[in-house]
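Below, each chain spelled out in residue letters.
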Amino acid sequence: MGGTEHLTVERSGATLVLTLDRPEAKNALSLPMLAALHDGWLRADADDTIRSVVLTGAGGAFCSGMDLKALAARAPDDDPVRERFRADPDLHWKAMLRHYRPRKPVIAAVEGPCVAGGTEILQGTDIRIAGRGATFGLFEVRRGLFPIGGSTVRLPRQIPRTHALEMLLTGRPYTAAEAERIGLIGRVVADGTALEAALETAALVNANGPLAVEAVKASVHDTAGLSETEALALELERGRPVFDTDDAKEGARAFAEKRPPVYRRA
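Residues numbered from 1 in each chain as written. Predicted model: local features only at pLDDT ≥ 70, side-chain atom pairs only at ≥ 80, totals over all residues. Heavy atoms only, no water.

Asks: Help me understand the side chain of His6, please; the structure alone is not making it clear to me.
Replies: As for its position among the elements, His6 is in the loop between strand 1 (3-4) and strand 2 (7-12). Polar side-chain contacts of His6 include one of 2.6 Å to the side chain of Ser30. The residues contacting His6, other than those within four sequence positions of it, are Thr19, Leu20, Asp21, Arg22, Ser30, Pro32 and Met33. (Helix = DSSP H or I, 4+ residues; strand = E, 2+ residues; numbered from the N terminus. Polar contact = N/O pair within 3.5 Å; in protein donor to acceptor, adjacent residues only side chain to side chain. Contact = heavy atoms within 4.5 Å.)

Have a look at this one:
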């Protein structure tokens, strides 16, 4: 299917695969990559034949963070990518899933380094699978910087607070086994098989009712931080309409008829 500079975009059935593609720079984030990544999220949400997204990296790396040299490089004033960022100063935050949440489930397939901005993007994904040799970490404080991609907010909500603060304040690297133990990732697989495992997981997601899947994802996100009473009320708002869909009826019929369901997003 191709893609654009620094990002490869492919289809695998009902899954859109976005591959960060600057292996010579361990897939460090450039402006063209961020612009293309933002377009990928929008494409997935706009296309109802896409039911999930897998985010991965080329060349045995996931993402080594922002490419500060590339960002500082002088580009022509009429460079179309820089024009996009001037027109929308929020574009890089949308690309990094800080200010944009895709409707479709996003599965991360991590090999090699997933550090700094890589770990920040990771926190915007829903399911996370990593090869045994993957490494994680937020190194910003080591350079006198702030992890402004959302980590001081999201990380303590996703893993125990003491582990979040240790990662944020020490700036040390974490192995895949450590990341799994503290809950940053869900599963460790053999090196070189993270993408395969992610696509297998995506296929399981894709087989389910898409309206139900999207409502479940939205409910989990929207109820975070609410009191139990408020959260349960919002869950009903999200969940009740799903039972009235044709897809819900199809699911029951398929179960009774002992056949795979055919969902139509209706």
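Asks: Would you mind going over the packing of helix 10 (residues 210-223) against helix 11 (residues 228-243) with me for this structure?
Replies: Geometry of a packed helix pair, given as the angle between the helix axes and the separation of the axes. Between helix 10 and helix 11, the least distance of the axes is 10 Å, while the angle of their chain directions is 170 degrees. Taken together, the axis directions place helix 10 and helix 11 in an arrangement best described as roughly antiparallel. Counted together, Leu211, Ala212, Ala215, Ala218, Ser219, Asp222 and Thr223 of helix 10 and Ala231, Leu234, Glu235, Arg238 and Val242 of helix 11 form the full contact between these two elements. For the contact of helix 10 with helix 11, a count of residues per class yields seven nonpolar, two polar and three charged. (Axes fitted to C-alpha atoms, helices over the stretch in contact; angles between N-to-C directions. Parallel < 35°, antiparallel > 145°, perpendicular 65-115°, else oblique. Nonpolar A, V, L, I, M, F, W, Y, C, P; charged D, E, K, R; others polar.)

Asks: Would you explain the state of the cysteines in this entry?
Replies: In a disulfide, the sulfur atoms of two cysteines are held together by a covalent bond. What the rule picks out here adds up to zero disulfides. Free cysteine Cys63: the closest other cysteine sulfur is in Cys114, separated by 7.1 Å. Taking relative accessible area as the criterion, Cys63 reaches 0% and is therefore assigned buried. Overall, Cys114 belongs to the buried group, its relative accessible area being 0%. (Disulfide = S-S within 2.5 Å. Buried < 20%, exposed > 50% of the residue type's maximum accessible area, 1.4 Å probe, protein only.)

Asks: Would you mind going over the layout of surface pockets with me for this structure?
Replies: Any space left empty among the atoms is revealed by the rolling of a water-sized probe across them. Of the volumes computed, that of the largest pocket is approximately 860 Å³. Those elements that place two or more of their residues in the lining of the largest pocket are strand 7 (127-131), helix 6 (151-158) and helix 10. No other element matches the five residues that helix 10 contributes to the lining of the largest pocket. Each residue belonging to the lining of the largest pocket can be placed in one class, and the counts come to 13 nonpolar, nine polar and seven charged. For the second largest pocket, the calculated volume is near 500 Å³. Around the second largest pocket, the lining is made up of 23 residues, and of these Gly65, Met66, Leu68, Gly117 and Glu140 lie nearest the centre. Elements supplying a minimum of two residues to the lining of the second largest pocket: helix 1 (31-46), helix 2 (68-72), helix 4 (91-95) and helix 5 (117-122). Across the lining of the second largest pocket, the residue classes tally to 15 nonpolar, five polar and three charged. (1 Å grid on protein atoms, 1.4 Å probe; cavity = no way out; pocket = protein on both sides within 12 Å on 5 of 7 lines; lining within 4 Å. Points joined across faces, edges and corners; volume = space filled by probe spheres on them.)

Asks: I would appreciate a short explanation of the pattern of salt bridges in the present structure.
Replies: Charged atoms that come close allow side chains of opposite charge to pair. All told, the structure shown has 18 salt bridges when counted by the stated rule. Between Asp48 and Arg265 there is a salt bridge, with its nearest N and O atoms 3.5 Å apart. Linking Asp48 in the loop between helix 1 and strand 4 (52-57) with Arg265 in the segment after helix 12 (246-257), this pair joins segments that are 217 residues apart in sequence. When its relative accessible area of 41% is taken as the criterion, Asp48 is described as partly exposed. Residue Arg265 is joined to Glu214 by a salt bridge in which the shortest nitrogen-to-oxygen separation is 2.7 Å. On the criterion of sequence distance, the pair formed by Arg265 in the segment after helix 12 and Glu214 in helix 10 is long-range, its members being 51 residues apart. Counted as one network, the salt bridges with shared partners bring together Asp48, Arg103, Glu214 and Arg265. (Salt bridge = Lys/Arg side-chain N within 4 Å of Asp/Glu carboxyl O.)

Asks: Looking at this model, I keep getting lost on the environment of Phe136. Mind explaining?
Replies: Tracing the backbone through its elements, the reader meets Phe136 in strand 8 (residues 135-137). Given a relative accessible area of 0%, Phe136 falls into the buried group. The sequence separation of Phe136 and Val110 amounts to 26 residues, and the corresponding C-alpha distance is 9.7 Å.

Asks: What is the right way to look at the sheet that holds strand 9 (residues 174-175) in this model?
Replies: The pairing of strands in a sheet happens through backbone hydrogen bonds and is either parallel or antiparallel. Here we have three strands laid out as an open sheet, ordered 6-8-9, and mixed in their pairing. Pairing within the sheet leaves two strands with one partner each, and these edge strands are strand 6 (113-115) and strand 9. As judged from the two bridges shared by strand 8 and strand 9, these two strands associate in the antiparallel manner. The residue of strand 9 that forms the bridge with Thr135 is Thr175. (Pairing = 2+ DSSP bridges.)

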